[in-house]
Each structure stands twice: as C-alpha cells, then as structure tokens.
Amino acid sequence: MSLLGFVLSEAGRDLRRAGRVGVSAILLITLSLGALGVFWLLSLNLGRAVVQWRERLRVVIYLKNEPTPGAVDGLLKKVESVEGVQRLRYIGKAEALQTLKRQLGAQASLVDQLPTNPLPASMEVTPAAEAATPEGTRALIQRLSAFPEVEEIQGGTEWVERVAQWRRLLDGVGLGVGALLALAAILAVTTAITLALDARREEMEIMRLVGATERVIRLPLLIQGMAQGFLGAAVALGGLYAAYRLTLPGVEPLISLTLGLPRVAFFSWPEMALLLGGGGLLGAVGGLLAKGRSAG
Amino acid sequence: MIQLQSVWKVYSAGSAKVPALADVSFQVAKGEFVVLAGPSGAGKTTLLRLLYRDELPTEGEVQVAGREVIGLRRWQIPQLRRAIGIVFQDARLLPGRTVYDNVAFVLRVLGTPRREITPRVFQSLKAVGLQAKAQAFPAQLSQGEQQRAALARALVKEPPLLLADEPTGNLDEVMADEILELLKEIWRRGTTVLLATHRLSLAGQLKRRTLILELGRLVKDEG
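Throughout, residues of each chain are indexed from 1 in the direction in which the sequence is written. Chain A is the first chain written and ligand 1 is the first ligand written, with later ones labelled in order. Under the rules for a predicted model, residues below a pLDDT of 70 receive no local features and side-chain atom pairs below 80 are neither given nor counted, while totals for whole chains, interfaces and linings still include all residues.

K.L.:
Would you mind going over the overall build of chain A with me for this structure?
P.N.:
Secondary structure elements are defined from DSSP: runs of H or I of at least 4 residues count as helices, runs of E of at least 2 residues count as strands, and each element is numbered from the N terminus. Looking only at helices and strands, chain A features 10 helices and four strands. Partly exposed residues are those whose C-beta has more than 12 but fewer than 20 other C-beta atoms within 10 Å; 20 or more makes a residue buried and 12 or fewer makes it exposed, with C-beta atoms placed from the backbone. In chain A, which comprises 296 residues, the share counted as buried stands at 31%.

K.L.:
Explain helix H9 (residues 214-259) of chain A to me, please; I cannot follow it from the model alone.
P.N.:
An α-helical turn contains 3.6 residues, so a residue and the one three or four places further along point in the same direction. Residue and element names in this part refer to chain A. Residue count minus one, scaled by 1.5 Å, sets the expected span of a helix. Between its terminal C-alpha atoms H9 stretches only 55 Å, short of the 68 Å expected from 46 residues at 1.5 Å a residue. The angle between axes fitted to the seven residues ending at a residue and the seven residues starting there is what we call the bend at that residue. Of all bends in H9, the biggest is about 65°, found at Leu248, and the proline Pro249 comes one to four residues later. Where H9 ends, the next residue or the one after it, Gly260, has phi of about 75°, a positive value.

K.L.:
What should I look at first to understand the environment of B:Ala150 in this one?
P.N.:
All names here are of chain B. Mapped onto the secondary structure, Ala150 falls in helix H5 (residues 143-155). Between the C-alpha atom of Ala150 and that of Leu93, which follows or precedes it by 57 residues, the distance is 6.7 Å. We call two residues in contact when the distance between their C-beta atoms, placed using the backbone, is within 7 Å. When sequence neighbours within four positions are dropped, the list of residues in contact with Ala150 reads Val87, Ala91, Arg92 and Leu93.

K.L.:
Any chance you could explain unusual backbone geometry here in plain terms?
P.N.:
Across the chain, the bulk of peptide bonds are trans and the bulk of non-glycine residues have phi less than zero. Residue and element names in this part refer to chain B. One non-glycine residue, Arg92, lies in the positive phi region at around 55°. Of note, Arg92 is situated in the loop between strand S6 (84-87) and helix H3 (99-109). Among the residues examined, Arg92 registers 17 C-beta atoms within 10 Å and is labelled partly exposed. The phi angle at Glu158 is positive, at roughly 50°, despite the residue not being glycine. By the element assignment, Glu158 lies in the loop between H5 and strand S7 (161-165).

K.L.:
What is the right way to read the sheet that holds strand S10 (residues 217-222) of chain B from this model?
P.N.:
Adjacent strands of a sheet pair through backbone hydrogen bonds, lying either parallel or antiparallel. All names here are of chain B. Spatially, S6-S7-S8-S3-S9-S10 is the arrangement adopted by the six strands of the open sheet, whose pairing is mixed. Here the strands that pair on one side only, and so sit at the sheet edges, are S6 and S10. Looking at each pair of strands side by side, their axes are set apart by 15° on average, direction ignored. Pairing of strand S3 (residues 33-37) with strand S8 (residues 192-197), which is carried by five bridges, proceeds in the parallel orientation. Bridged to Ala37 within S8 is Thr197. If DSSP finds at least two bridges between two strands, the strands pair. Each axis is a line fitted through C-alpha atoms, and for a helix only the stretch in contact is used; angles between axes span 0 to 180 degrees, taken between their N-to-C directions.

K.L.:
When you look at the interface of chain A and chain B in this model, what are you seeing that I'm missing?
P.N.:
Interface size, as often reported, equals the accessible area lost upon joining of the parts. With 13 residues of chain A at the contact, the number on the chain B side is 16 residues. Breaking the side of chain A that touches chain B down by element, the ones donating at least two residues are helix H1 (2-17) and helix H8 (201-210) of chain A.

K.L.:
Which parts of the structure should I look at to understand the environment of A:Thr194?
P.N.:
With respect to the element layout, A:Thr194 can be found in helix H7 (residues 158-199). Sequence separation between A:Thr194 and A:Leu289 is 95 residues; the distance between their C-alpha atoms is 8.9 Å.

K.L.:
Help me out: how do you make sense of the packing of H3(B) against H5(B) in this one?
P.N.:
Residue and element names in this part refer to chain B. Where H3 meets H5, the axes come as close as 8 Å, and the angle between the chain directions of the two elements is 25°. Looking at the two axes, H3 sits roughly parallel to H5. Considering only the axes of H3 and H5, their crossing is right-handed. Contact residues: H3 offers Val99, Asn102, Val103 and Val106, while H5 offers Ala149, Ala152 and Arg153. Of the residues assigned to the contact of H3 with H5, the class counts are five nonpolar, one polar and one charged. Here the angle decides the label: under 35 degrees means roughly parallel, over 145 means roughly antiparallel, 65 to 115 means roughly perpendicular, and every other value means oblique. Should the near helix be turned counterclockwise from the far one by less than a right angle, the crossing is left-handed, whereas a clockwise turn marks it as right-handed. Under the convention adopted here, Pro, Cys and the residues Ala, Val, Leu, Ile, Met, Phe, Trp and Tyr are nonpolar, Asp, Glu, Lys and Arg are charged, and Gly plus all remaining residues are polar.

K.L.:
Where do I start with the nonpolar core in this structure?
P.N.:
Side chains of nonpolar character tend, in soluble globular proteins, to be buried together. By definition, a nonpolar core groups buried Ala, Val, Leu, Ile, Met, Phe, Trp, Tyr and Cys residues that are joined through C-beta atoms within 7 Å. If you look at the biggest cluster of nonpolar residues, it comprises 113 residues, and the most contacted ones within it are A:Ala185, B:Leu36, B:Leu51, B:Val103, B:Val109, B:Ala152 and B:Leu163. In contact with B:Val103, other than residues within four places in its own chain, are B:Val121, B:Ser124, B:Leu125, B:Ala152, B:Arg153 and B:Val156. A:Ala121, A:Val125, A:Ala131 and A:Ile141 belong to the second largest nonpolar core, which has 10 residues in total.

Take a look at the structure:
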C-alpha cells in the first residue's frame, strides 16, 4: 500500500511539474477525442435513423382487382407463405379511400365527388430482417410479382442504403481524423513525459542505486500519461455535452424533420466510459513510448 | 562479503583496448573496514561499479553479499543493491526535497511500511548527527552536512555493505575527519565498509587494511 502511495504521489508530482507541455498534451487529447466524438455522435444518430427506417420499411402490393371477401384470407395465406414476408396487412378499396380522406382533411369532400372509387385494393408487406436489404427486397419483390393477382409493387431500400453508406463514410472520415489527432496526442504525451523524465533523471538514478525495481521507477510515468489522457477525454466529453445541450433546441426539430428521429441522442454511459478509457489508453501509449526512449 | 577473482575490465577506445582493471583478485570479509587507495584513474570507481552491477567485468568473477554478480538477471539487480549502501564524492541529494525527504525517499521507493519510515529516518539522521537539519534543503547545508545526509540516506535501509567513493574528496580537513569518524562508527556497528580514496595518507590515518590500485592493477594488499 505504501509503495502504491509512493508511485501515485510521484505521478502527481510529475503531472504538476509537466507545466505547459503537460497542458498542451491534455489539450491535444481533448481535441482528438472531441473530433472523434463529434463524428461518433453524428454516426450514432444516423445509425439510429437507418435502423428506424429499416424497421418502418414496407413493400406495397397493388392488386388488379379487389378480391371477394371470401377470397381475401386465401390470398393473404398465399402471400404470407412467401419467403421474406414477416407481416402482412390487407387494405381494401374502401379502407384506402377512407385513409385518403383522412389525409386530405379539409379537402376530403373532393373525394365524394368522384364517380367511382379509383383506389386499388392493396397489401402492405413488412419484410423480414433478412429481406430488408436492397438485394433482399429486390428478391422479395420478384417473388411477389409472380402472383397473377398483382398489378404493381412499390417499395425498396436503395435510399435507406444510400444513407447507410453515408454513415459508413462518416465513420471512416471520423476514424481517420481521430487517428491523426490521436497520433499527435500520443506524441504530445510522449514529449511531456520525456521532459518529466529528464527532470527526474537524478531521482531515477538514485532509485536504481538504492535497489528500486524498474516497475516502481517507470510506473509513475505510465500513470502520468494515463492521467493526462483521462483528463483530456473528460474535458472532451464535457465540451461535447455542453455543445449538445446548447445546440439541441435548434437542431432537434431539423433532425426530426429530415431523419425522422424524435430526439437526438447523446452517448450512453458505456459509450462515455469507452471514450474516457480511450483517452487513458492514448495517454498510456504516450507514457510507454517515453519509457522506451529513456530505456535506450 | 566481497570476492573478486581475476577480474579484468577493458574499455575499447577506437581500435585500442584500454584496461581499467587488470587481473584484480581480493576478498573482503564480513565486518571488515578496507581502504581502496590509488591515484585518479587507477580504476577505483570502476571496481566499485562492478560491485553494485553498474558495470560488468570483461573477465573474472565478482561475488557480493553472497551473490554471483555477473550472473544476475536484470530483475535481480535491485535485490543486490538493497544490500549495498553507496556514497559518492558529490552527495547527490535531490535539491527539491528536504533532508528528511531525501532519506525517506529510499524507504518509500523500497515499499517500507509508512509507520516505520519516520523512526528509521530519524534514527539514521541521529547516527550522522543531522536530526536538527531534517527540514533543511540541501542548498542550506554545508558540504560536510550534505555528505552526512548522503551517508544517512545510504544507511537508512540498513545495508550490510557500505561503498564510499571518495566521500571526503570535496571536503576540507575538518569535515573530512568528521566523515571518516562517522564511517568508523558505522563499521563498529557491524557494517562492512569499502572506502575508495586517492589520498594514501588516509589509509595511514585510519590504520585499516589497505588495497592499493595503480593503473588498474592491485599492487599492494596490506594491513
């Protein structure tokens, strides 16, 4: 316990002595994890939107003729048995007209002026998860087109997949930018710790002469790096949260309108822990690299 | 306590080979006080560095405190050094720490329980007559006091062997005598002492066994 206390107090001492170089190391970690966090948040919300859109995806089968009430169940059973169909709902001509009226609202009386109901009967298919991909949907539509009762089929996932592709691109750019900044942060921590190492060269020499183990000599450097990384990540997280709270009132309606998300999400607790851990890891790598130089 | 057998230490200077130690053999028994004397460049410091495994000999065998020094693995070196107290010509105190902290630093590094640190530091400071200066910083001490603080630091871990490399080299005669008296006192309490010095007169003054090194060779073992 007393040895651990010594190691921690030495790490704290080094951290205080690191001065401006130490602060710039922390700032670089803040910057790299902040940039990574921004991309991550965008990707996170875009990902939620994609999942939601996939869940809401429907394929609509328009029928040539409205089946007789006795034939509906038979037709539904036939379509339900098709591979890739998860759920199915039949919409008769009358129901379709009622829905249109509801959508028209004040102009609903226009519909009453029509001589006949022009809307076709249809079936709304919810694809199974494996069919909710562009290829899966195309195959499903092909299978459904084989029924002689079918007039036309609408639905597809191409646009959802395009958004998903944008999300993947965003992930790639975010990771690239984050990796570059992380590299800079590691170098900054390495520099800060190498300076700390120079400052305590005398102490380290005495530690070696009196019989301290290498672990006791080097551990404070590693802890110093980790503390810098952790601090940088905490500042980045705090900054991101502040930005999130400040921009939320303006951004949320826009997001809701374009992406259909009811609310913009922030990181979950495990994601925040991951970001903080990432900071600690960056700092530790910096500390280890500084150790490597000194060991030479 | 110390055993050297046919020890050579040869340094390379370009294509030339310069022997710092040449075929040195001697033994120091537990509880002995031995003076290692010789002019500057005779190889005294090199010899001491072999004893605490700061250097490896080119040839020969070195045993210290029952350990075969050459065969030690990296992780075993701290164990050897815990058995050795070392003082140098310059006190090598940490300037940003008080005398107390400089001495306590050793015990903290070695993981000594906290409750034992203060009594042992004060016991060590008392042994060198420096307890009144415990809270002083090195810059506030005379050179003699700095060397006494260095001695306290070397002794606080209670090593069975003390290596002193020119501990009086920077001191005037009065201060040097004080340090020599302290070394004798430490020896009387049971610590084996090996004192390296360039002053042959010291050997006569101490009336202890003296090893004389010249150009890396042990030319005399008397007393």
